[in-house]
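# Structural overview for review
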Amino acid sequence: MKTSHTAFLISILLLASFSSLTHGLLLNGLQIGAVRVNGVLFCSLDGNLRGNSPPLSGAIVQLSCAGSQTNLSQALTNPAGAFVVLVRILDTILFDPSSCFVRVNLPVATCSVFPPDGALTASINLVNIVQTAILDIANFTTGPFVSSVL
Ligand SMILES: *[C@@H]1O[C@H](CO)[C@@H](O)[C@H](O)[C@H]1NC(C)=O
Ligand SMILES: *[C@@H]1O[C@H](CO)[C@@H](O)[C@H](O)[C@H]1NC(C)=O
């Protein structure tokens, strides 16, 4: 069971990397039209839920990929600290999820316990693929935030 799960994940990664040679992003044989990244940001030392740290509202969260330092898309956290960053994947963009991460640039005026500079970053992990009539959306969630000098 564990082995087949691993093999499945590896084949997703292989498909994603092969497809990026010619297409935007191919997952499970589906041409992905958009990527959605869900997460929650808290006002704590590292942005994760620590004890009863409050959610952080109104913070800018960007989606970035290594290689292109520029952000691909950004979103604001809602009063519950939740964010959804959405980006359309065009054929001409090489989108490799393993090199992408969400980023909160520091400082954030509304959370004084964050580190004073650098950024908080979190990796993104595929949850599922949501098929709609218009396009297939790869639905990601964030891993834990870590402090970064990026
Ligand atoms: C990040 O990218 C989005 C989408 O292209 C853009 O709307 C936003 O202004 C950018 N943010 C910054 C800080 O450059
Ligand atoms: C997308 O992923 C989130 C977890 O980050 C999950 O709660 C949500 O149900 C998923 N959306 C769909 C439409 O499956």
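Now for a look at the structure at hand. Computed from a predicted structure; not experimentally measured.

Definitions and limits used
Residues numbered from 1 in each chain as written. Chains lettered and ligands numbered in written order. Predicted model: local features only at pLDDT ≥ 70, side-chain atom pairs only at ≥ 80, totals over all residues. Heavy atoms only, no water. Disulfide = S-S within 2.5 Å. Helix = DSSP H or I, 4+ residues; strand = E, 2+ residues; numbered from the N terminus. Buried < 20%, exposed > 50% of the residue type's maximum accessible area, 1.4 Å probe, protein only. Near = heavy atom within 4 Å. Polar contact = N/O pair within 3.5 Å; in protein donor to acceptor, adjacent residues only side chain to side chain. Areas by Shrake-Rupley, 256 points an atom, 1.4 Å probe, with all protein chains shown as cover. Nonpolar A, V, L, I, M, F, W, Y, C, P; charged D, E, K, R; others polar.

### Re the state of the cysteines
In total, this model carries two disulfides according to the counting rule given. Note that C43 is cross-linked by a disulfide to C111, the S-S spacing being 2.1 Å. Negative torsions about the S-S bond denote left-handed disulfides, and the value of about 95 degrees found for C43 with C111 makes this one right-handed. Pair noted here: C43 is in the loop between β2 (30-40) and β3 (60-65) and C111 is in the loop between β6 (100-105) and β7 (119-131), with a separation of 68 residues, a long-range link. Paired by a disulfide, C65 and C100 hold their sulfur atoms 2.0 Å apart. The sign of the 95 degrees torsion about the S-S bond sets the C65-C100 disulfide as right-handed. With a gap of 35 residues between them, C65 in strand β3 and C100 in strand β6 connect regions that are remote in the sequence. Here C65 and C100 have matching classes, each one buried.

### What about the site of ligand 1?
Near ligand 1 the following residues occur: Q62, N71, L72, S73 and Q74. The side chain of Q74 places a nitrogen or oxygen atom 2.7 Å from a nitrogen atom of ligand 1. Calculation on ligand 1 without its partners gives an accessible area of 360 Å², and the protein chains cover 38% of this total. By residue number, the principal contributor to the shell around ligand 1 is strand β4 (residues 68-76), which donates four residues. Of the residues assigned to the shell around ligand 1, the class counts are one nonpolar, four polar and no charged.

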